[in-house]
Each structure stands twice: as C-alpha cells, then as structure tokens.
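# Reading the structure
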Amino acid sequence: MADLLELDDICAGYGRIEALSGVSLRVPEGGIVALLGANGAGKTTTLNVVSGIVAPTRGEVRLAGRSLRGLGSDAIVAAGISQVPEGREIFRDMSVHENLVIGAHARRDKAGIARDIEVMTGYFPILAKRFRQMAGTMSGGEQQMLLIARALMARPKLLLLDEPSLGLSPLLVQQIFDIIVRLHRDEKLTLLIVEQNAAVALAVSDYAYILENGEVVAKGPSAVLAADDSLRAAYLGA
Amino acid sequence: MNTEIVFLFLQQGIASGLVTGSVYALLALALVIVFRTTDVANFAEGEFYMAAAYLAFFLIALVGLPIWAAAPAMVVGIAVAAGLFQRVVLRRVAAARGVSVNLVIATLGLSYVLKGFVRATGFGDTPRSFPSVVPDGSVTLGQASLSYLDLAILGAALAVMAAFFAVFNLTRTGRAMRAVGMNRRAAQLVGINLGRTERLVWIFAGGISAVAAILIAPKLLMTAEMGGVVTLAFAAAIVGGFASLPGAVVGGFIIGIAENLVGLFVSTRAINVAPFVIIMLVLIFKPQGLFGGRLRVRKV
Ligand SMILES: Nc1ncnc2c1ncn2[C@@H]1O[C@H](COP(=O)(O)OP(=O)(O)OP(=O)(O)O)[C@@H](O)[C@H]1O
Ligand SMILES: [Mg+2]
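Residues numbered from 1 in each chain as written. Chains lettered and ligands numbered in written order. Predicted model: local features only at pLDDT ≥ 70, side-chain atom pairs only at ≥ 80, totals over all residues. Heavy atoms only, no water.

Going by an unreviewed UniProt entry, chain B carries the name ABC transporter permease and comes from Methylobacterium variabile. Recorded under Sequence similarities (unreviewed entry), the UniProt text for chain B is reproduced unchanged: "Belongs to the binding-protein-dependent transport system permease family. LivHM subfamily." Its UniProt record gives chain B the following Subcellular location (unreviewed entry) comment, quoted word for word: "Cell membrane". (UniProt positions renumbered as here; feature names shortened; annotations may be inferred.)

Named according to an unreviewed UniProt entry, chain A is Leucine/isoleucine/valine transporter ATP-binding subunit originating from Methylobacterium variabile. UniProt, in its Sequence similarities (unreviewed entry) section for chain A, records the words "Belongs to the ABC transporter superfamily."

Looking only at helices and strands, chain B features eleven helices and four strands. Along the three orthogonal principal directions, the C-alpha set of chain B runs to about 60 × 50 × 35 Å. Taking all 300 residues of chain B together, 50% fall into the buried category. The contacts of chain B with a sequence gap of at least 6 include a subset with a gap of at least 24, amounting to 76%. For chain B, the computed accessible surface area is about 13,700 Å², with 68% contributed by carbon and sulfur atoms. Within chain B, one finds 22 positive and 10 negative side-chain charges whose respective centroids are separated by 19 Å. (Helix = DSSP H or I, 4+ residues; strand = E, 2+ residues; numbered from the N terminus. Buried < 20%, exposed > 50% of the residue type's maximum accessible area, 1.4 Å probe, protein only. Contact = heavy atoms within 4.5 Å. Areas by Shrake-Rupley, 256 points an atom, 1.4 Å probe, with all protein chains shown as cover. Lys, Arg positive; Asp, Glu negative; His and termini not counted. Charge placed at Lys NZ, Arg CZ, Asp CG, Glu CD.)

Together, Val273, Phe276, Val277, Met280, Leu281, Ile284 and Phe285 of chain B make up a nonpolar patch on the protein surface, roughly 730 Å² of accessible area in all. For Ile284 of chain B, the location among the structural elements is in helix H11 (residues 274–285). (Patch = residues over 30% accessible without salt bridge, like charges linked within 9 Å, V, L, I, M, F, W, Y side chains within 5 Å. Salt bridge = Lys/Arg side-chain N within 4 Å of Asp/Glu carboxyl O.)

Attention now goes to the site of ligand 1. Residues and elements named next belong to chain A. Asn39, Gly40, Lys43, Thr44 and Thr45 are the nearest of the 14 residues found near ligand 1. At 2.9 Å, a side-chain N or O of Gln196 approaches an oxygen atom of ligand 1. For ligand 1, whose unbound accessible area comes to 630 Å², protein coverage reaches 62%. Counting residues per element, the ones that place at least two in the shell around ligand 1 are strand E2 (17–28) and helix H1 (43–50). A per-element tally of the shell around ligand 1 places H1 first, with three residues. Partitioned by chemical class, the residues of the shell around ligand 1 number five nonpolar, six polar and three charged. (Near = heavy atom within 4 Å. Polar contact = N/O pair within 3.5 Å; in protein donor to acceptor, adjacent residues only side chain to side chain. Nonpolar A, V, L, I, M, F, W, Y, C, P; charged D, E, K, R; others polar.)

This part takes up the interface of chain A and chain B. In many reports, interface size means the accessible area that the parts give up when they come together. At the junction of the two partners, chain A supplies 23 residues and chain B supplies 18 residues. Here chain A meets chain B over a buried area of about 2,100 Å², counting both sides, of which 53% is carbon and sulfur. The three residues of chain A that bury the most area against chain B are Asp74, Phe91 and His105 of chain A, which together make up 29% of that side's buried surface. Along the contact surface separating chain A from chain B lie three salt bridges. For Arg178 of chain B, the salt bridge identified is with Glu98 of chain A, shortest N-O distance 2.6 Å. One can count eight residue pairs in polar contact (both at pLDDT 80 or more) joining chain A with chain B. Elements represented by at least two residues in the side of chain A that touches chain B include exactly helix H2 (73–79) and helix H3 (96–103) of chain A. It is H3 of chain A that contributes the most residues to the side of chain A that touches chain B, four residues altogether. Its residues assigned to classes, the side of chain A that touches chain B comprises nine nonpolar, six polar and eight charged. (Buried area = accessible area lost by both parts, 1.4 Å probe.)

A few words on the nonpolar core. Within the largest apolar cluster, 92 residues are counted, with the highest numbers of intra-cluster contacts made by Leu26, Tyr49, Met74, Phe130, Met161 and Ile255 of chain B. No other element matches helix H1 (residues 3–38) of chain B, which puts 15 residues into this core. Once you skip the residues sitting within four places of it in the chain, Tyr49 of chain B turns out to touch Leu27, Ser209, Ala212, Ala213, Ile216, Leu220, Met226, Gly227 and Val229 of chain B. Ranked by size, the runner-up nonpolar core spans 38 residues in total, among them Val84, Val101, Val173 and Val204 of chain A. (Core = buried A, V, L, I, M, F, W, Y, C linked by side-chain atoms within 4.5 Å.)

Each strand in a sheet pairs with its neighbour through backbone hydrogen bonds, running either in the same direction (parallel) or in the opposite one (antiparallel). Residue and element names in this part refer to chain A. Within the open sheet, the six strands sit side by side as E6-E7-E8-E3-E9-E10. Their pairing is mixed. Both outer strands of the open sheet, strand E6 (81–84) and strand E10 (215–221), are each paired with one neighbouring strand and no more. Averaged over all adjacent pairs, the angle separating strand axes in this sheet is 15 degrees, with direction ignored. Contacts between H1 and the sheet are confined to strand E3 (32–36), E6, strand E7 (158–162), strand E8 (190–195) and strand E9 (207–212), with E7 contributing the most and set at about 150 degrees to the helix. Contacts from helix H7 (residues 170–186) reach E3, E7 and E8, with the element oriented near 155 degrees to E8. (Pairing = 2+ DSSP bridges. Axes fitted to C-alpha atoms, helices over the stretch in contact; angles between N-to-C directions.)

Here's what the structure looks like:
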C-alpha cells in the first residue's frame, strides 16, 4: 500500500542540542507502525516534528506525498494528523465534554462533531459517565482515554500516539491497546505508536523502528523484531 | 459620628465605589486576559488607556469628529494598535528569546514610547478636560446620589464585561483563548493557532482599555501620566488572583469601594493607601487571591 507518512532524513534539535540526526521512516496507509527506543532516544521529538511543533533543520515530512514544509501545527491538524501527547496534556479546567469539543477545533461541521462525541463515548464509556466533570480531576487512565478521544475528534487520517501505556496498570494498558486496535480496524486509522513497552507495541504493530541517540538503529516487521533476542536485549531492555 | 451619617456614608461610598471600581475592573480584566493567555504582565496597560483618551481627544478637538463617531473609531484604533504590537514586537521578541521577562520588558518599552509620543505632540504638558456626552443631573438611590454620567459609566462597563464574558465562555474563539491559557502545547495539538489567538487577546485587551478610557475621561483631567491609574488595576487583579476574570472584576469593585469608603470615613488624603492595605490583607489571608484557586508552582 502507498505510504501515508514519510520522513526523509530528518534532523532536528533544541538550540545546540541535536535530538534527531537523519531519521527516515515510512508509515503505510492503514498500517500500524511502532517507534521504540529508550529514554531520550528522540521519539517524542520525531512526533513533534511531524506535528509541526518542532521545526526540522534538515529533511522533509510528507503526508500522502505532499510536503508539510512550512505548515504550522494548526494546518497540520487540519491536514489530517492528530497527536496523543505524552504526559497527560489535557485541558484541566475544562469539562470532559469541552475537551472533546475542542478536539474538533479544526472542524466546522457542528452536526458531525456532535455525532463524533457519541462515537467517542461509545469507544470510551467512562467518558460518558464523567461528561460534566473537570478533566483535571479524572484518574490517569481516564485522562489517557480522554486524550485519545480528543485527538480522534479532529477526524485524523493518521494518529500519533506518544507512550499511551505510560504510568498505567497492565490491565489498563491492555484495555487501551484493545481500543486502539478496534479504532484502527473500524475507523480505518493509520497509526504511529511510540512506546517503551516494546512487548505490547510489537504485538499490535506490523512494522517497527528502533531509535537510539536520534538515529534509526534497527527496523523490520514487528514479528521479526520481537523474535530477535539479541536486539531486544541491546535496545529494548527486555 | 452618629449611625445615620455612617449609613449615609456607607451607601454613598459603595455607590461611588461601584462606579470608579467598574473602570478599574475593565482595566484589570484587560490585564488578566493578557496574563492568562500569554504569561505577560502588561506594563503598558496604563498607557493604552492614556493613549486612548488622547486619541479620542485628537479626533474630537482636532479632526472635529462628533463623539459618537470618535468613540468607536478610537476603540477600534487602540484595539488594532494593540494587535499590531503583539504581531510586530512581541512575536519577534518571543522568537528571539522566548522568555516571559523579555516580553514584559517590551511592554515597559511600549509604555515609555506612548508617553513620550503624547508629550512630543505638546498636548500632554497641560492637563486637559474631556467633554461629556451625558446630560447633567443625578438620581438618588437609597440615600446615595449618582450623576447620570456615573450611571452611564457603570452601565457601559457592565455591558462590556458581560459581552466579553460571553465571548470568552461561550464561543469557539473564547474557548481557544481559555485553552491557550491552560495548556499551550495541548492547544497547539488540537489545531489552535497560538499566534492568532494571542493577537486576538491583545486586540480585546486594547479595546477594553479604550472603553475604560472613554468612560472615565470626562471625570478626570488628561495628562501624559494618567496611566498611573493602572496601579489600581494591578491591585484589583492581585486581589482577584491575577488569573481569574471574575476575580479581576470583583477585585476592581473592592478597590473602588475601599477607596471611596476610606475617603469618606478617614480622609481623602488616605485614599492612596487603601488599595495597598487591601492587597496586604488579601496576601496575608488568601495569598492566591480571592479567586485564585489552588496555588501552583510555576517554572520560570
Ligand atoms: N524542550 C527541550 N529542550 C531541550 N532539549 C530537549 C527538549 N526536549 C527534548 N530534549 C532532548 O532531546 C533528546 C530527545 O528527547 P525526546 O523527548 O525526543 O526523547 P524520547 O525518546 O521521547 O524520550 P522519553 O522516552 O523519555 O520520552 C533528549 O536528549 C532530550 O534531553
Ligand atoms: Mg518522549
């Protein structure tokens, strides 16, 4: 299948610190790709380059063959890329409902937005129960679900997930990944998942990249990587 | 002092305090919306207000516009100027070195530029009075007496606040403004344009300051230093918690009423002290301000 997202030789950093030194990767349309690596490897930076929050110093990002160069983060959301950020970046003093509405900020179709809120509460029933609650008062797992639902409210073609399992119990991790897989199947979403929990990420993805010190050090079909013990020992600490 | 006079003074102090307080509330609102969304304490707020009064004066006295045309033209002019300041100056300062302190210093610079500009025209040297459109006369409420102008000031200020609250809480634009204030990164990720939203906030702040100026100008003498009144708006904002819109409004009324009560019960010379006593009391008993909610530690 054609590639929905392409990163070509991306370099990026923060001031004098170089965080990515020539990262290239592909996410085929309709696929699930995992991006693995230890702390500080550059995973979040990669997603933020795609989302237009960090400007690359070299290289190009393309969505469905079209370069995203020069587009602001708002234009990138409108073009069909949503990110579920790490670290519970919700709007704490807005209700669950308003967090969902603001997820659709780039859209103008009121009826469609109302319908999608229904769809989201179908996937995440807990959000319906907490509808009027201030988002900041919800548990970590509930906030993670709200973040995923908020990102989906933009009706993205490509969903970027940054460590969705972080800080959650194994049971909740399983639940969230089950929903992610269902979303992928039912909503025809293409997914790029950043994880440190390599076992879970390799189990759901078709293809994976391993990042170290801002460079891709290994890549391959997820099943192959999962079976390679030496690779797992070297880069994934598992 | 017998009880009858105490009651009379109380009523008059509260009534007059609501009028001056409504102007402080508008200025505090302008300060707080900018601070909430952009983390910048706007030290040019008083000079927006001063420039607005002079712009109205120029349009009326020199261009010869009738006040009903000059007032809206002036409000739009100041709002646009505030937006330009964000676009041309603040955006560059932020891009060069995006620390809050530098942005605050930029607003301080603007305040000097505006004061210097008004002085350079020569009109800022002598105090000038501003014509009132409201007919003379007064009404009595209980035992308090307020002029028509006072009522017009209070009514217009309340209307502007209500309109802004509606925009802020009920519209898509207002939601974007609140979102940027709550979590900039998350706001970017849901597709909000940070620059445009911040610019809009500055435009609103400029417009609100300009309204405050046109309302109070007929009661004051205009000088290049009249922006000093912003100290009271800062006091109001601090009393309210500095990040809360209702807090700014309530803080404005509290400061206005406190000034008037001190003037009546103590001495007019003690008026200047009143806001600082209130600030100290608030900081001692509720350090986060009346509407401050939880205390948050900020990374600077
Ligand atoms: N805002 C920033 N300012 C300066 N350096 C940064 C910033 N964000 C990240 N870095 C640096 O860039 C490098 C890559 O960071 P990044 O956040 O992309 O890693 P990561 O793979 O997402 O790590 P983690 O698993 O801990 O989230 C690190 O060395 C980090 O210290
Ligand atoms: Mg990360």
